[in-house]
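# Summary of the model geometry
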Amino acid sequence: MAGYEVPTPKYMRVLNTVRERIESGAYPPGTSLPSENTLSKEFAVARPTVLKALGILRQDGWIESQQGKGHFVRGRPSATGISPQYARETLYLDETVATEVLHVGPVLASPRVAASLNIPEGTPVYERRRRTVSESGPIDLVSTFVPVDIAVGTSITKPAPITGSLLDHIAKAKSVRGDYVAERLTARRVSAVEAEALDVPADESVISTVITVYQSSGDALLSSILVMPGSRHEIEDVYPLP
C-alpha cells in the first residue's frame, strides 16, 4: 500500500472545482456557467463526464439548467435534505446504548469495501463491527470500514465502545470532515458471518445498505455496511417534495 494514491474520479474533479468556485464567489449566483464544451476542454475530459458532474450539482441544488440556454448558478443550497433514520443511526449511533461491539481491528478490504472506498481489493483497512440488540435478540449489524491513515490515532482503533459519532471522533483527531454521503441499497441473501451475528437462518433475505461518507475532495472518509434481516424490518420514510 505504501506510495499508492487512488486518483479522484474525473467527474468528481469537475464537480468539486465548480462547487468550490461557486462557494468562493468566482461563479456568483445568477451567472451562467462555462459551456459544457468549455469545461470539457478545461478538465480534459469527455462531455458525458461534464454532464454527470453538472447533473449531480443540479440535483443537489447548486445550479439550474435551462433548455437551450445553459446552466446557471443558484449558490450554496440550504440544508433541507433529511437523511433516513437508519442512515442517521448507522453514522451517529452511540455504541454505549443497546449495542454490542463484535470486532475492532485491521482487515483486508473485500471487493465490496474496496469499491466503496475506491481502493485496491486487499488493501488493509480498519473495521469496526457492531450489532444493535433488543430483548428479543439482534436487530441489525453494522460494519464500518475506515482507511488506515484516517483510523490510526483515533478511538476507532480501540475496542471500547464509542460515545457519539464516529465522524465527530475523526474530525477532532484528524481535522477532516465528511461533506456528503452516497448510499446504495440492495436485497440479498445473508452471508454465513451475518447469519451467525444476527441469529437468522442461512437462507434469510436481508436489506443491505452501503453508506459511504466522502470529503469535499471526493476522497472516501469511511464506508458502513448496514445489514437488516428482511423478516424483522420494513423501511418507511417521510420527506417533503421538492
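Below is a summary of the structure that appears in this document. Computed from a prediction, not measured in an experiment: that's the story for all the values here.

Further remarks concern the packing of helix 1 (residues 10–24) against helix 3 (residues 47–59). Direction vectors running N to C along helix 1 and helix 3 enclose 50 degrees, while the axes themselves pass 8 Å from each other. Classed by the angle they form, the pair helix 1 and helix 3 counts as oblique. As helix 1 packs across helix 3, the resulting crossing turns out to be right-handed. For the pair formed by helix 1 and helix 3, the contact residues are Lys10, Tyr11, Val14, Leu15, Val18 and Arg19 on the first element and Thr49, Lys52, Ala53, Ile56 and Leu57 on the second. Residues that form the contact of helix 1 with helix 3 fall into these classes: seven nonpolar, one polar and three charged.

A word on unusual backbone geometry. The phi angle of most residues is negative, glycine excepted, and most peptide bonds adopt the trans form. With phi around 60 degrees, Ser175 is a residue other than glycine that occupies positive phi space. Relative to the assigned elements, Ser175 resides in the loop between helix 7 (166–174) and strand 6 (180–189). The exposure class assigned to Ser175 is exposed, which follows from its relative accessible area of 65%. One non-glycine residue, Asp199, adopts positive backbone phi at about 55 degrees.

On to helix 1, then. Here helix 1 is 15 residues long and its end C-alpha atoms lie 21 Å apart, about the 21 Å a rise of 1.5 Å per residue gives. Where helix 1 is concerned, the buried positions are Met12, Val14, Leu15, Asn16, Val18, Arg19 and Ile22. The inward-facing, buried residues of helix 1 abut helix 2 (36–43), helix 3, strand 1 (63–66), strand 2 (70–73) and strand 6. Following helix 1 by one or two positions, Gly25 adopts a phi angle in the positive range, close to 95 degrees.

The next subject is the packing of aromatic side chains. Applying the stated criterion to the full structure yields one aromatic pair. With a centroid separation of 5.2 Å and 15 degrees between ring planes, the pair formed by Tyr180 and Tyr214 is classed as stacked. Note that Tyr180 is positioned in strand 6 and Tyr214 in strand 7 (residues 205–214), a separation of 34 residues in sequence. Judged by its relative accessible area of 23%, Tyr180 falls in the partly exposed class. Note on Tyr214: relative accessible area 18%, which makes it buried.

Pairing between the strands of a sheet is mediated by backbone hydrogen bonds and can be parallel or antiparallel. With respect to topology, six strands assemble into an open sheet ordered 3-4-5-8-7-6, the strand pairing being antiparallel. Strands at the two margins of the open sheet, each flanked by one partner only, are strand 3 (99–108) and strand 6. Looking at each pair of strands side by side, their axes are set apart by 15 degrees on average, direction ignored. Two strands pair when backbone bridges link them, and strand 6 and strand 7 are joined in this way by ten bridges, in the antiparallel orientation. Among the inter-strand pairings, Arg188 is bridged to a residue of strand 7, identified as Val206. In the packing of helix 7 onto the sheet, the strands contacted are strand 4 (124–134), strand 5 (137–147), strand 7 and strand 8 (220–229), and the crossing angle to strand 8 comes to about 165 degrees.

Turning our eyes to something else, we now look at helix 7. Those residues of helix 7 that sit buried are Leu166, Leu167, Ile170 and Ala171. For helix 7, the angular spread of the buried residues around the axis is 135 degrees, confining them to a single face. The backbone nitrogen of Leu167 lies 2.9 Å from a side-chain oxygen of the residue at the head of helix 7, namely Ser165. Residue Ser175 follows helix 7 closely and has a positive phi angle near 60 degrees.

Turning to the pattern of salt bridges, a few remarks are in order. One side chain can pair with another of opposite charge once the charged atoms of both are near each other. If you walk through the whole model with that rule in mind, you get six salt bridges. We note a salt bridge from Arg47 to Glu36, for which the minimum N-O separation is 2.5 Å. A residue pair is termed long-range when its members are at least 10 positions apart, and Arg47 in helix 3 and Glu36 in helix 2 qualify at eleven residues. For Glu36, a relative accessible area of 16% gives the class buried. Its salt-bridge partner being Arg188, residue Glu194 comes within 2.9 Å of it at the nearest N-O pair.

What counts as what
Residues numbered from 1 in each chain as written. Predicted model: local features only at pLDDT ≥ 70, side-chain atom pairs only at ≥ 80, totals over all residues. Heavy atoms only, no water. Axes fitted to C-alpha atoms, helices over the stretch in contact; angles between N-to-C directions. Helix = DSSP H or I, 4+ residues; strand = E, 2+ residues; numbered from the N terminus. Parallel < 35°, antiparallel > 145°, perpendicular 65-115°, else oblique. Left-handed = near helix turned anticlockwise from the far one by under 90°. Contact = heavy atoms within 4.5 Å. Nonpolar A, V, L, I, M, F, W, Y, C, P; charged D, E, K, R; others polar. Buried < 20%, exposed > 50% of the residue type's maximum accessible area, 1.4 Å probe, protein only. Expected span 1.5 Å × (residues − 1). Phe/Tyr/Trp six-rings, centres within 6.5 Å; stacked < 30°, edge-to-face > 60°. Pairing = 2+ DSSP bridges. Arc of directions from axis to C-beta. Polar contact = N/O pair within 3.5 Å; in protein donor to acceptor, adjacent residues only side chain to side chain. Salt bridge = Lys/Arg side-chain N within 4 Å of Asp/Glu carboxyl O.

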